[in-house]
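Coordinate analysis (summary)
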Amino acid sequence: MLHGIDVSAYQSSAYDTDGLSFVFIKATEGRSYVNPKLAAQTKTGRDAGLVVGYYHFLWPGNLTAQAEYFVKHAPEKAGEILAVDWETTGEGTHASNAEKDSFIRKVKGLRPNNRVILYTNRNYWLTVDTTSYAGDGLWIADYVSAGHPRIKAKWRFHQYTSDPHDKNVADFADKAALKSWAKKGD
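The notes below deal with the structure included here. (Residues numbered from 1 in each chain as written. Predicted model: local features only at pLDDT ≥ 70, side-chain atom pairs only at ≥ 80, totals over all residues. Heavy atoms only, no water.)

**A few points about the side chain of His56**
As for its placement among the helices and strands, His56 is situated in strand β4 (residues 51-57). The exposure class assigned to His56 is buried, which follows from its relative accessible area of 0%. Those residues within four positions of His56 in sequence are excluded, and the remaining contacts are Thr28, Glu29, Gly30, Gln66, Phe70, Ala83, Val84, Asp85 and Phe103. (Helix = DSSP H or I, 4+ residues; strand = E, 2+ residues; numbered from the N terminus. Buried < 20%, exposed > 50% of the residue type's maximum accessible area, 1.4 Å probe, protein only. Contact = heavy atoms within 4.5 Å.)

This is the structure we're talking about:
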């Protein structure tokens, strides 16, 4: 298993990259928020030779505008990954299955050279999701042993803890395999 983390404005721009193969960085949320540390956090990951991904926290409604906002602000580079973060908003709402699917498809259309994946937690995957559509791959949050999420679906990334920060593993043989997949080689 490859190890990685995900970061947002709550984490340092100079996060520790020792032992990591990848990082996901929060880029945007809705249609009005951009992570103020996005550029610096991207530089840290790229300078360390990590596979870099960006995620958008999805709100219900205005999906085309959200997708356009996300790709406008997420750095564009071949071999980097885009993810949609589908969970409950601070207002207690969430995008519908159709909205989640539409957003993923829209981002794939806007960025055809990047992998686009779904991030969601185990509860959403098992009880909210009705389409099982995850774009190019599933990034599942389930706080159990690394690499053993309690789902039957094929997953690519597993967030297994948030203590002291979000830690993840990736289901690839090695970093070269992850890079090849991210570049749409596999």
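Text resumes after the structure shown.
**Focus: the pairing of strand β8 (residues 157-161)**
For β8, a buried count of five out of five residues is recorded, marking the element as mostly surrounded by other parts of the structure. In terms of strand pairing, β8 meets strand β9 (residues 167-170) through four bridges, oriented antiparallel. If you follow Gln159 over to β9, its bridge partner there is Asn168. What sits between the antiparallel neighbours β8 and β9 is a turn of five residues. (Pairing = 2+ DSSP bridges.)

**A word on unusual backbone geometry**
Note that the residue after Asp163, namely Pro164, is joined by a cis bond; omega there is 0°. Within the element layout of this structure, Pro164 appears in the loop between β8 and β9. At Asn62, a residue that is not glycine, the phi angle is positive and equals roughly 50°. Relative to the elements of secondary structure, Asn62 occurs in the loop between β4 and α2 (63-73). Look at Ser132: it is not a glycine, yet its phi comes out positive at around 60°. Looking at the secondary structure, you find Ser132 in the loop between α4 (122-128) and β7 (138-141).

**Side note on the nonpolar core**
Counting 37 residues, the largest nonpolar core has Val23, Ile25, Tyr54, Phe70, Val107, Leu118 and Leu138 as its most contacted members. For this core, the leading source of residues is α2, giving four residues. Grouped together as the second largest cluster of nonpolar side chains are 17 residues, Phe22, Val51, Phe157 and Phe172 included. (Core = buried A, V, L, I, M, F, W, Y, C linked by side-chain atoms within 4.5 Å.)

**So, the pairing of β9**
Moving residue by residue along a regular strand, the side chains alternate between the two faces of the sheet. Here four bridges tie strand β1 (residues 2-7) to β9, and the two strands are oriented antiparallel to one another. Considered in β9, the bridge of His3 is made with Val169.

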